[in-house]
Amino acid sequence: MPDAEEIERLRVEFQAALAAAATDQALRVVRDRFLGRKGGVIASLMKAVASASPADRPLLGMLANQFKNEIEGALDARRASLESGRPVAGGLDVTLPGRQVPLGHLHPLTHVRHQVEAIFSRMGYEILEGPEIEDDYHNFEALNMPPEHPARDMQDTFFLGQPVPQRGLGTPGTRVSTRPAPPDRPATLLRTHTSAMQIRYMEAHEPPVRIVAIGKVFRRDNPDLTHTPMFHQFEGLLVDERVTFADLKGTLTAFVREIFAPDIKVMFRPSFFPYTEPSAEMFIGCVFCGGTGCPVCKRTGWLEILGSGMVHPSVLEAVGYDAERYTGFAFGTGIERVAMLKYGVDDIRLFYENDLRFLEQFSF
Amino acid sequence: MKLLASWLRELTDVRLPVADLASLLSMCGFEVASLDPVPEGPLAPRPPTRAAGDDANDAVIDFEITANRPDCLSVVGLAREAATACRVPLRLPWDEAGRPISSVRAVSAPTPTRVAADGLEVTIEDADLCPRYAAAVAEVTIGPSPEWLANRLTAAGVRPINNIVDVTNYVLLEMGHPMHAFDLERLAGRQLRARRARAGERLRTLDGEDRALEPDMLVIADGSVPQAVAGVMGGAHSEVWPGTRLIALESAYFKPASVRRTSKRLGLKTEASSRFERGTDINAPVVALERACALIEQIGAGRRVGAVIDVYPSPRGPIDVTLRRQRIAQLLGTTVADADVLAILTGLGFDVAEAADGWSVRVPTMRVDIVREADLIEEVARHHGYDRIPSHFPALRATSPRPDPRMARKTLLRHRLTSSGFSEAVSYTFVDEADAAPFVTGDRALVPLAYPLSEKFAVLRPSLLPGLLESVAHNRRREHRDVRLFEIGACFSPAGGEQHHVAFAWTGACVPEHWSGGLRLVDFFDAKGVVERIGEALDLPLVFTDLTNGYLVAGRAAAVSVGKTAVGVLGQLAPGQSEARGLPAGDEVYVAELDLDALDRLAPTADTRAETLPRFPSIVRDISIVVEEGLRSERLRATIRGVAPQTLIQIREFDRYKGQGIPEGRYSLSLRLTFRSPDRTLTDADVQETMERVMEALTREHQAVQR
Ligand SMILES: [Zn+2]
C-alpha cells in the first residue's frame, strides 16, 4: 500500500531523473515514465490510492495530486529552459568586436575649459570670450602698463602688420550695459593675456563684477617642451565692496581643490603683476611627487599654478570705478598648464599637433 | 641676480642655513631659480670679513627679480629684505668717510647744467633723458683686483677685468647702481657731455661692435664724439686699459624708458641697462661714487683727486604716502598690529611718522615701485606673511547673468560634431602665408604679423582649413587612414577683422572597416550630411548651390547659405591642394567651413514650439521619372510643391539611376511623396488627382517622362 513515505521516495526518484535529462528526448522519457496513462508512476499511484482504506484515502489523494502537479510544473519549466538555451541555426561568435558608429573626441583643452567654466559658473561668475586681436589700450595701458613700462617685456608681443578694425564686439557678456560705450579702437596686436577682457567688461558695467574670460593668448616664445607662441588662458575678476585678499585666497583654494584634488595643499607667495597690488602667485602641492620633491617641481614639492592679486587701484580708476569704495581680485593661468598637470602631458606642443593618437586618449 | 650668501651675511645677522635663506627670500617674492655651491678652487671667495664656519654654509643663490624691484638687483637690496623678514638690523657698506651708504642722506640743491672742476667738465645737454650726472677724477694704477674682490665678482657671474672696472662692477652688484670708468686722457677737451646722438654718428662699443646711433639715443660724448651709449655700454676708445693713469668715474641717472628703447634698438642688454631701464635710485649717484672711491683706495688701486662733480638741475626728493590702518584690514581681510607695520616699513628703509588714522610714510627714492597706499599695503602683507592671511569665501550679492548663447552654440556644435565622429583640433592662429593664400577668396586679403617668429607663423589665418589640413596630413603620415577633424576658432581679414568659424576635414572611411564588411569611403553627401546636421542643431534651413572656387573640385562643391546670406562652403578639396600638403595622391578629402558669426545672427532665439501629433494616417505615393542630366533635384521639388496642396508633407528622393535602359544624357529619379491632412483621412481619390497634376507639371516644366 502506498503511504506518505512511498510518495517521498518517488519524488526523490523523479528529481534525480529530471536532473539527468539534458535533452528534449530524455525529458520525454521522464514524462512517459511518470505521467504515462498506462503504467506511468502517477497512474499506478492513483490506482493504489483509490483502493486504500477510506480513512487514509483523503490524505493520500491530496499528496498524490500535489505530487502530480509538481511533476507537471517541473517538466514544463525544464522544457522551457531547454528551449531558450538552444542556439538558433548559425549561432554567433559573441567575442567578435561590435559595430560602432564612429565617435570623435573633444580636445583635452576643451575638457579643462569646460571644467573651469562649470566651477566658476557655480560660483556666480559670468563666462566670457573676447577678441584675440586687441589694441594697446586694452591690452596694456588700461592695465597699468603705459608705453615703455618694463613689465611689457614680460609679455613679448606679436604686433599686426597693419591695424585691423574690431567689428561687432558689442557689449561683453549678456548683462545689460549701463555705461556709455567707449570709442572703438582698431586692433594692433595679438592679445598677450585675457586680462584685456577685464577692461572691456568693466568699461561696460558697474560693479559688482564677477567674470571669467577664457581664450587664446599670444606671446613671442619659440616652441619647446613648455612654450608655444600661442596658448589658452582663463582670467577671473571679482570687483565689489569689501572684497579682500582673504576672499582671493578662499576662492582660488576652492577652485584648485575642485579641479585637482579636495585635499591638495596650497601656498600663496608675493609676486608682481602691473595690474594687481598686492600680487600673489599660488602654488599647489606637487601632483607628481605629493610634495616630497621631484624633477617636475624642481625638488621644491610645489608647483606654480595661478597668478593673482588685488586689482590695482589704477586699473579701477582707468575704467572710472571709485577705487576707495570698490576693491577686487583678479587671477589667471594657462589652460595648457592645468591640462599638463591634470593629465600628465609633458610636451605642450602635443596640444597643437592634433594627433589622433593623442586626442583619442581623452574619451570622457 | 646671483647672490653670494656670505656677502649678504656681511650686511645682516641673518644666520640661516642657505636653503632656509633662499626660501625666506622666496616667501618675500624673490623666486629662487637655482642654488649652487660656491665655485671651488683658486677662485673661492676670501672676503676679509668672513666669519669662521661660513665656508660650509655658503652658496650662490640665483634669484629672479621681478620688474618692479630694481633695488633688489643688489646685495644691499636683498639683505634689506632678509633683515626685515627676520626683524634684525641691516649694516650698510661704508663710503670714503666711513659713513654708511644711504641715498636717504641730504637732497641736494639744484645745480647748473654745466659744472667744471679739477680738470673735468660735465654738461647735461638733455636733462629729460639724463636728469643727473655725477663724476669724479681719480689717479689710478691699473692692475688685477685682490683675490677676494675678483672671487666675489666671479661667484656673482661677472668676469674680473682689472681693478678699476672690477670696482665699478662690485658697486653695481653691491648697491645696484651701474657706473662707468673712462680713461680721462682719451676724452677730447676732458669733457663729458650727456646729449642725444647726432645723425650719422657711430660708436665702437666695448664689445668691439661698430654701432650706428640714432638721434633719440642718449650718448655720453667728449668734446667731439660719443664715448658711451648712456646706460648701456661704454666705447672702446676711452676704455680703461693697462696704461690708464687718470680716470673719470661716471655715476648717473638715466631715464628708464630711454635706456630701454636704446638697448632694444641696439639689441644690447647689459647688467647696467637692465638696471637703468627698470629705474635706478636717482639719489644714489654721488653715494655710489663715494663708495667706489672708498673701494679704490681700500684695494690700493688709486685715489680720488679733486671734488665730486654733481650735475643735478632739478633734484627729486622722496615722496610721502599716507597709509591708513583701516585700509590695510579692508584690503587684506586681516588686521596687522601697529608694531608690525612699523617694524616692517622701517626695516625696508621707509621713514614712518604717526598720522591721523595711520601713518605718513616717506618713500626712499630707491623704491621706484612705491607710489600709493596699495603699494605700501603690499609691503606690509609681504613681510607679515601671505600664509597668515585667512581664507574666506566672498558673498554672492547679485544674480549672475544668463550664459552667452554664442558660447552655448559652440558647445552644442562641439558635441554634435564629436557624435558625428569628428575629433576636435586646436591649431595655431598664425600660419604660413603660402598655406593660407589658396583660402583667401573674393576681395579679402591676409593680415600679416609685423615681426613673425618664422615663415611658418607669418600671417593670421583667413580660414580654419590650412590648419586642419596640416593636422590631417600629420595624421596621415602617422598611420591614420581615416581622419575626421573639426575646429572652432577665430579667422581674420583686414577689412572684416575677427570672425569665428567652424570647419571640418574628412578623409578615409565613412563607414569603417568591420569584420562583417561595410567599409565605405567618404563622399560628398556624407560631408553634406554633417553640414546639414549643423544646420539642424542651430535650427537653420541651409540651402546648397553650385560653387566654383579655387580650392574645391568643381562639380563637387557647394555654397551654403541661409536665405540670401552666404554662410559657408562645402566640397572636395582640389587634388592640387591636398598634394601641396603632402597628402597621398588619391586621398579624397572633403572639407566644409561655416561662418559662425553669421549663423549666430540668423539663429532663432525663441524656444521650440511643440506641434500636435498627427491624428490621421498618411498616404505614400512613389513616382519614377526620367529627366535631363544637369537638372537639379531642388528644381523638381519646387515644381512639385508648386502644384501640390498643403497635404503634401514630404518629398524624398529614394533612387537615382543612370545607364542601361536610360537614354544618354538623362537620368532616372524615383521620388516618394507623403500626404497627410490634419483634419481628415485622405482618400486614394484625393491623392490620385494630385499625382496626376504633379506628373503633368513635371512634364511641362522639365520634359520629364514617367517610367
Ligand atoms: Zn614634485
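Being a predicted model, the structure only gives us computed values, none of them experimental.

Caption draft 1: The overall build of chain A, seen in detail. Counting its regular elements, chain A contains 12 helices and 10 strands. A globule of 364 residues ought to have a C-alpha radius of gyration of about 21 Å, yet chain A, at 39 Å, is considerably larger. With respect to the three principal axes, the spread of C-alpha positions in chain A is 120 × 50 × 45 Å. Every one of the 364 residues in chain A was classed for burial, and the buried ones make up 54%.

Caption draft 2: The arrangement of the packing of helix H4 (residues 147-155) of chain B against helix H5 (residues 163-175) of chain B in detail. Residue and element names in this part refer to chain B. Between H4 and H5, whose axes approach to 10 Å, the crossing angle comes to 55°. The angle between H4 and H5 places the two elements in the oblique class. As for the relative orientation of H4 and H5, their crossing is left-handed in sense. Packed against H4, whose contacting residues are Trp148, Leu149, Arg152 and Leu153, the element H5 presents Asp166, Val167, Asn169, Tyr170 and Leu173 at the interface. Considered class by class, the residues forming the contact of H4 with H5 number 6 nonpolar, 1 polar and 2 charged.

Caption draft 3: Seen up close, empty space enclosed by the protein. In total, this model carries 4 cavities of 30 Å³ or more according to the counting rule given. In this structure, the largest cavity occupies an estimated 80 Å³ of space. Lining the largest cavity are 14 residues, with Ser271(A), Thr66(B), Asn68(B), Arg69(B) and Arg382(B) sitting closest to its centre. Listed by contribution, the elements that provide at least two residues to the lining of the largest cavity are strand E7 (266-273) of chain A together with helix H11 (373-384) of chain B. When its volume is computed, the second largest cavity comes out at roughly 50 Å³. Contributing to the lining of the second largest cavity are Arg113(A), His114(A), Glu117(A), Glu129(A), Met407(B), Lys410(B), Thr411(B) and Arg414(B). For the lining of the second largest cavity, the elements supplying multiple residues, two or more each, are helix H5 (108-122) of chain A together with helix H12 (405-419) of chain B. At 4 residues, the largest contribution of residues to the lining of the second largest cavity is made by H12(B). Residues that form the lining of the second largest cavity fall into these classes: 1 nonpolar, 2 polar and 5 charged.

Caption draft 4: Geometry of the sheet that holds strand E17 (residues 351-355) of chain B. Residues and elements named next belong to chain B. In spatial order, the strands read E16-E18-E17; together these 3 strands make up an open sheet with antiparallel pairing. Two strands in the sheet have a free side with no partner beyond their single neighbour: strand E16 (319-324) and E17. Across the sheet, the mean angle separating the axes of adjacent strands is 25° when strand polarity is ignored. As paired strands, E17 and strand E18 (residues 358-363) are joined by 5 bridges and run antiparallel to one another. Counterpart to Val352 in the pairing with E18 is Val361. Where helix H9 (residues 325-332) meets the sheet, it contacts E16, E17 and E18, and its direction lies at approximately 70° from that of E16. Across the sheet, helix H10 (residues 338-347) is in contact with E16, E17 and E18; its angle to E18 comes to roughly 5°.

Caption draft 5: Representation of the pattern of salt bridges within the structure. Residues and elements named next belong to chain B. Applying the stated criterion across every chain, the model contains 70 salt bridges over all chains. Put simply, Asp435 and Arg581 hold a salt bridge, and the shortest N to O gap is 3.9 Å. Taken together, the residues Asp435 in helix H13 (residues 433-436) and Arg581 in the loop between helix H16 (575-580) and strand E30 (589-595) connect sequence positions 146 residues apart. Glu628 is the partner of Arg666 in a salt bridge, and the nearest nitrogen-oxygen pair spans 3.0 Å. Of this pair, Arg666 sits in strand E33 (residues 666-675) while Glu628 sits in strand E31 (residues 619-628), and the two are 38 residues apart along the sequence. Classification of Arg666 by relative accessible area gives buried; the value is 18%.

Caption draft 6: Region of the structure containing the packing of H5(A) against helix H10 (residues 335-343) of chain A. Residues and elements named next belong to chain A. For the pair H5 and H10, interaxial distance at closest approach is 9 Å and the crossing angle is 100°. It follows from the interaxial angle that H5 and H10 lie roughly perpendicular. Residues Pro108, Leu109, His111, Val112, Arg113 and Gln115 of H5 touch H10, and the partners they reach there are Ile335, Glu336, Val338, Ala339, Lys342 and Tyr343. By residue class, the composition of the contact of H5 with H10 is 7 nonpolar, 2 polar and 3 charged.

Caption draft 7: Molecular detail of the pairing of E7(A). All names here are of chain A. E7 sits mainly inside the fold: 7 of its 8 residues count as buried. As defined by bridge partners, E7 adjoins strand E8 (residues 276-285) across 7 bridges and the pair is classed as antiparallel. Looking across to E8, one finds that Met267 is bridged to Phe283. What sits between E7 and E8 in their antiparallel hairpin is a turn of 2 residues.

Caption draft 8: Local environment of the confidence of the model for chain B. Per-residue pLDDT for chain B averages 92, and the proportion of residues at 70 or more is 97%. In the predicted assembly, ipTM is 0.89 and pTM is 0.86.

Caption draft 9: Molecular detail of the interface of chain B and chain A. On the chain A side, the residues contacting the 97 residues of chain B number 98 residues. In this assembly, chain B packs against chain A so that about 8000 Å² is buried in total across both faces, 56% of it on carbon and sulfur atoms. Together, Tyr386(B), Val426(B) and Leu453(B) form the three largest contributors to the area buried by chain B at its contact with chain A, with a combined 9%. Our enumeration of links across chain B and chain A arrives at 6 salt bridges. A salt bridge links Asp355(A) to Arg478(B), with the shortest nitrogen-to-oxygen separation between them at 4.0 Å.

Caption draft 10: The arrangement of the sheet that holds strand E14 (residues 246-253) of chain B in detail. All names here are of chain B. With respect to topology, 4 strands assemble into an open sheet ordered E7-E14-E6-E15, the strand pairing being antiparallel. Both outer strands of the open sheet, strand E7 (180-183) and strand E15 (302-311), are each paired with one neighbouring strand and no more. Sheet twist, expressed as the mean angle between neighbouring strand axes with direction ignored, is 25°. Across 8 bridges, the pairing between strand E6 (residues 132-140) and E14 is antiparallel. Across the sheet, residue Tyr133 finds its bridge partner in E14, namely Ala252. Helix H8 (residues 285-298) contacts E6, E14 and E15 of the sheet and is inclined by roughly 150° relative to E14.

Caption draft 11: View of the nonpolar core. Counting 114 residues, the largest nonpolar core has Phe120(A), Phe234(A) and Leu323(B) as the members making the most contacts within it. Residue contributions to this core peak at 7 residues, all from helix H8 (residues 245-259) of chain A. Of all hydrophobic cores here, the second largest spans 63 residues; its members include Leu3(B), Leu4(B), Ile65(B) and Leu249(B).

Caption draft 12: Looking closely at the environment of Asp13(B). All names here are of chain B. Following the sequence through the fold, Asp13 ends up in the loop between helix H1 (5-9) and helix H2 (18-26). Taking relative accessible area as the criterion, Asp13 reaches 41% and is therefore assigned partly exposed. Among all residues touching Asp13, those that are not within four sequence positions of it are Val88, Pro89 and Arg91. Of note is the side chain of Asp13, whose polar atom sits 3.3 Å from the side chain of Arg91.

Caption draft 13: A look at the coordination of the zinc ion. Residues and elements named next belong to chain A. For the zinc ion, every protein donor is listed as Cys286 (SG), Cys289 (SG), Cys294 (SG) and Cys297 (SG), and the spread of their distances is 2.3 Å. In this structure, the zinc ion is surrounded by 4 donor atoms whose angles at the metal cover 102 to 113°, and the resulting shape is tetrahedral. Read from N- to C-terminus, the donor residues coordinating the zinc ion fall into the pattern C-x2-C-x4-C-x2-C. Classification of Cys294 by relative accessible area gives buried; the value is 10%.

What counts and what doesn't
- Residues numbered from 1 in each chain as written.
- Chains lettered and ligands numbered in written order.
- Predicted model: local features only at pLDDT ≥ 70, side-chain atom pairs only at ≥ 80, totals over all residues.
- Heavy atoms only, no water.
- Helix = DSSP H or I, 4+ residues; strand = E, 2+ residues; numbered from the N terminus.
- Rg over C-alpha atoms; globule rule 2.2 N^0.38 Å.
- Buried < 20%, exposed > 50% of the residue type's maximum accessible area, 1.4 Å probe, protein only.
- Axes fitted to C-alpha atoms, helices over the stretch in contact; angles between N-to-C directions.
- Parallel < 35°, antiparallel > 145°, perpendicular 65-115°, else oblique.
- Left-handed = near helix turned anticlockwise from the far one by under 90°.
- Contact = heavy atoms within 4.5 Å.
- Nonpolar A, V, L, I, M, F, W, Y, C, P; charged D, E, K, R; others polar.
- 1 Å grid on protein atoms, 1.4 Å probe; cavity = no way out; pocket = protein on both sides within 12 Å on 5 of 7 lines; lining within 4 Å.
- Points joined across faces, edges and corners; volume = space filled by probe spheres on them.
- Pairing = 2+ DSSP bridges.
- Salt bridge = Lys/Arg side-chain N within 4 Å of Asp/Glu carboxyl O.
- pLDDT = per-residue confidence, 0-100.
- Buried area = accessible area lost by both parts, 1.4 Å probe.
- Core = buried A, V, L, I, M, F, W, Y, C linked by side-chain atoms within 4.5 Å.
- Polar contact = N/O pair within 3.5 Å; in protein donor to acceptor, adjacent residues only side chain to side chain.
- Donors = N, O, S within 2.8 Å, 3.2 Å for Na, K, Ca; no water.
- Tetrahedral: all angles 85-135°; square planar, octahedral: opposite > 155°, others 65-115°.

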